[in-house]
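# Structural overview for review
Here is what each chain is made of, one letter per residue.
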Amino acid sequence: MLEINNIHKSFHENEVLKGVDIRVNKGDVIVILGPSGSGKTTLLRCMNFLEKADCGTMIFDQTKLDLQKVHKKQIHEIRLKTGFVFQNYNLFSNKTALENVTEGLLIARKISRKEAEERGKRALDKVGLSDRYHYYPSQLSGGQQQRVGIARAIAVNPEVIFFDEPTSALDPELIGDVLQVMRKLAEEGTTMVVVTHEMSFAKEVANKVYFMDGGVVVESGSPEEVLLHPKEERTKQFFRRIHLAA
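Here we summarise the structure given alongside this text. Nothing here was measured: the structure is a model prediction, and the numbers come from that model. (Residues numbered from 1 in each chain as written. Predicted model: local features only at pLDDT ≥ 70, side-chain atom pairs only at ≥ 80, totals over all residues. Heavy atoms only, no water.)

Another point: the overall build of the chain. The secondary structure content of the chain amounts to 9 helices and 10 strands. The C-alpha radius of gyration computed for the chain amounts to 18 Å, which stays within 12% of the reference 18 Å derived for 246 residues, consistent with globular compactness. Projecting the C-alpha coordinates of the chain onto the three principal axes gives extents of approximately 55 × 45 × 35 Å. The buried share among the 246 residues of the chain stands at 50%. (Helix = DSSP H or I, 4+ residues; strand = E, 2+ residues; numbered from the N terminus. Rg over C-alpha atoms; globule rule 2.2 N^0.38 Å. Buried < 20%, exposed > 50% of the residue type's maximum accessible area, 1.4 Å probe, protein only.)

Once that is clear, we can look at the side chain of Gln146. Looking at the secondary structure, you find Gln146 in helix 5 (residues 142-154). Residue class for Gln146 comes out buried when judged on its relative accessible area of 0%. Looking at Gln146, its side chain comes within polar contact range of the main-chain oxygen of Phe86, at 2.9 Å. (Polar contact = N/O pair within 3.5 Å; in protein donor to acceptor, adjacent residues only side chain to side chain.)

Turning our eyes to something else, we now look at the sheet that holds strand 3 (residues 29-33). Taken together, the 6 strands give an open sheet; going across it, the order is 6-7-8-3-9-10, and neighbouring strands pair in mixed fashion. Edge positions in the open sheet fall to strand 6 (82-85) and strand 10 (216-221), since each of these has one partner strand only. Direction aside, neighbouring strands of the sheet carry axes that sit 15 degrees apart on average. Contacts between helix 1 (residues 40-47) and the sheet are confined to strand 3, strand 6, strand 7 (160-164), strand 8 (192-195) and strand 9 (208-213), with strand 7 contributing the most and set at about 150 degrees to the helix. Relative to strand 9, helix 9 (residues 233-241) is tilted by about 95 degrees, and along the sheet it contacts strand 3, strand 9 and strand 10. (Pairing = 2+ DSSP bridges. Axes fitted to C-alpha atoms, helices over the stretch in contact; angles between N-to-C directions. Contact = heavy atoms within 4.5 Å.)

Moving on, we come to the pattern of salt bridges. What the rule picks out here adds up to 10 salt bridges. Among the ionic pairs, Asp131 bridges to Arg132, the shortest N-O distance being 2.8 Å. We classify Asp131 as partly exposed; its relative accessible area is 47%. Linking Arg240 and Glu233 is a salt bridge whose minimum nitrogen-to-oxygen distance equals 2.9 Å. Relative accessible area serves as the criterion here: at 48%, Arg240 is assigned to the partly exposed category. For Glu233, a relative accessible area of 47% gives the class partly exposed. (Salt bridge = Lys/Arg side-chain N within 4 Å of Asp/Glu carboxyl O.)

With that settled, consider the packing of helix 3 (residues 97-107) against helix 4 (residues 113-126). In the contact formed by helix 3 and helix 4, the axes pass within 9 Å of each other and the chain directions differ by 130 degrees. Of the possible angle classes, the one that applies to helix 3 and helix 4 is oblique. When you trace helix 3 past helix 4, the crossing you get is right-handed. Listed contacts from helix 4 to Ala97, Leu98, Val101, Thr102, Leu105 and Leu106 of helix 3 are Arg113, Ala116, Glu117, Arg119, Gly120, Lys121, Ala123 and Leu124. (Parallel < 35°, antiparallel > 145°, perpendicular 65-115°, else oblique. Left-handed = near helix turned anticlockwise from the far one by under 90°.)

This part covers the nonpolar core. Most often, soluble globular proteins keep nonpolar side chains buried together rather than apart. Leu124, Ile150, Phe163, Met182, Met192 and Phe201 are the most contacted members of the largest nonpolar core, which has 50 residues in total. In terms of residue count, the dominant contributor to this core is helix 6 (residues 172-187) (8 residues). Apart from the residues within four sequence positions on either side, Phe163 is in contact with Leu44, Val85, Ile150, Met182, Leu185, Met192, Val193, Val194 and Val195. Counting 31 residues, the second largest nonpolar core, distinct from the first, contains Leu17, Val24, Leu44 and Ile78. (Core = buried A, V, L, I, M, F, W, Y, C linked by side-chain atoms within 4.5 Å.)

Encoded structure:
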């Protein structure tokens, strides 16, 4: 479904991605783990063209793209098939929850207002916000704002949703609600690529884990293989430091 090969990305002299390969099949829940600065978020942003990779290839629905030469029309076509959930919500403060969800449907997808609102309400219902359609972000908790962000992503009926550390900006007591929504999406077969530090989510929900460090994939495999029985010393060291027995 989605395959990234030999992706490189530098910011000035800092090479952040040094030839990363990722493969995502339909229905996968992929979790990308690693220390800060390992390149996880940059990889995710390159996969959705929020950053432009320096080189590498992408295969999406059997269409092969040269990431160095990809043009705006191709990027637009791929974004129509994807959703992105940001670390810091990225909601419009002057729009209600429902308006935040429908904005992309109206502008990018040219869907009628009636259909957009129907889709938006269904998406908000799914994330447990059926009583918050007309609330503004300032009237919502951080967890509720992030659930609006997830509703915005699922409202476009994407083939894959990218999550960039969706719980890292939340107070601890709010994390569970967001993770529960993500678990529900996974149970429904939603294809997801998740950058996170939530080890319980990785163990319980993911079917494949990638561990990154220094701009490369150090190790990948099933959650049991990578989290509980890692082969690489760098992976073992990381999990020892976060108190996950390796």
